[in-house]
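The primary structure of each chain is shown beneath.
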Amino acid sequence: MQQDVDIPNMLLSRLTSIAILAAQTAGEVLKRGFDTTLVTSSKEGKHNLCTDYDEKLEKLIIAFIKDHFPEHTFLGEEFGAHGNNPQAIQWIIDPIDGTVNFAHSIPIFAISIAATFNGKTLSGVIFNPMTNELFVAEKGSGAYLNGSKLKVSKTTTLSDSFLATGFPYNTHENPRGCINHFMAFAKLGIPIRRLGSAALDLAYVAAGRYDGFWEVSLKPWDFAVGCLLVEEAGGQITDYDNAPITTDTETSIVASNGHIQDHIVNFLKNNTCDAHDH
């Protein structure tokens, strides 16, 4: 495995600045496009939509960043990987996280842009143009919402927690017991939310709005920025098996304020389904 490379602070800040500008530029397009007639197509999986805005914005964001960092590579939800250079910084982009919401005129969606290297997120932004909330994280420099420093919540027990989750497009197959998990948490009688945007769920954990979040089968563009936000706000991120997260692969995610991390991981482990569900 490659060693981590120290990225100079000057470059980090420049990465962050460009990510912010790219997100804000894309956000203006999304605001204008909200609640208009959309051309939508369905990807694999029922209700797994792609609008003409998803594709248009991914191209726009990549072109914007390339103007500043022509040597960097890209991984986007819509068009996959661009460039193959393990020595270069890779940008991971979700032009609209929450496309189903956007397509149904629900103003809960976000643009997610992460600069990563060697499976780790260096810097990134999550921007909801409808609320004008800009979440920004930079490795070692903290997490912020519109310039104010973020801190995770202080809740220490599951019974007092306010949690969020999401479901994959193949929920009917019950991957890793996601239906069982939801039912078990619901039976605790605690409030659970399902926004339809994993990026915003993670940002809300970082902001202390949620105490924790869990979801199976997330792609790198769903969590690359959110994981850094949570960690920089003092929280904790693992997969369901309590292992560290990298941006190299699809994974399950448990994110929390840190105090309830083991509680959630153990609860998932003790309330799963048959072993053949992965």
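Visitor: Is there a simple way to think about the pairing of strand β13 (residues 212–218) in this case?
Guide: Regular strands place their side chains on alternate faces of the sheet. Counted residue by residue, β13 has 6 buried out of 7 residues, so it is predominantly covered. Here strand β11 (residues 163–165) runs beside β13; their pairing, made up of 3 bridges, is parallel. Its bridge partner lying in β13, Leu-163 is registered against Gly-212. Pairing between β13 and strand β15 (residues 251–256): 5 bridges, direction antiparallel. Following the sheet pairing, Glu-215 is matched in β15 by Ile-253.

Visitor: Mind showing me how you'd approach the environment of Leu-195 here?
Guide: For Leu-195, the location among the structural elements is in the loop between β12 (192–193) and α5 (198–206). Of the residues examined, Leu-195 reaches a relative accessible area of 18% and is grouped as buried. Aside from chain neighbours lying at most four places away, what touches Leu-195 is Asn-101, Ile-108, Thr-165, Leu-200, Asp-201, Tyr-204 and Tyr-210.

Visitor: How should the layout of surface pockets be read in this particular structure?
Guide: One way to see where empty space is left: roll a probe the size of a water molecule over the atoms. Quantified by volume, the second largest pocket comes out at close to 280 Å³. Of all the secondary-structure elements, those providing two or more residues to the lining of the second largest pocket are β3 (73–76) and β6 (110–117). Per-class residue counts for the lining of the second largest pocket are 6 nonpolar, 10 polar and 1 charged.

Visitor: I'm lost on the pairing of strand β7 (residues 120–128) in this one. Help?
Guide: Burial runs high along β7: 8 of the 9 residues are buried. In the sheet, β6 pairs with β7 via 7 bridges, with the strands oriented antiparallel. Bridging across to β7, Ala-115 finds its partner in Ser-123. Taking the residues that link successive antiparallel strands as the turn, the β6-β7 hairpin has 2 residues, and the phi of Asn-118 there is positive, at about 55 degrees. As judged from the 6 bridges shared by β7 and strand β8 (residues 133–138), these two strands associate in the antiparallel manner. Residue Ile-126 lies in a different strand from β8, and its bridge partner there is Phe-135. Linkage of β7 to β8, two consecutive antiparallel strands, is achieved through a turn of 4 residues, within which Asn-132 is found at a positive phi near 60 degrees.

How each quantity is defined
- Residues numbered from 1 in each chain as written.
- Predicted model: local features only at pLDDT ≥ 70, side-chain atom pairs only at ≥ 80, totals over all residues.
- Heavy atoms only, no water.
- Buried < 20%, exposed > 50% of the residue type's maximum accessible area, 1.4 Å probe, protein only.
- Helix = DSSP H or I, 4+ residues; strand = E, 2+ residues; numbered from the N terminus.
- Pairing = 2+ DSSP bridges.
- Contact = heavy atoms within 4.5 Å.
- 1 Å grid on protein atoms, 1.4 Å probe; cavity = no way out; pocket = protein on both sides within 12 Å on 5 of 7 lines; lining within 4 Å.
- Points joined across faces, edges and corners; volume = space filled by probe spheres on them.
- Nonpolar A, V, L, I, M, F, W, Y, C, P; charged D, E, K, R; others polar.

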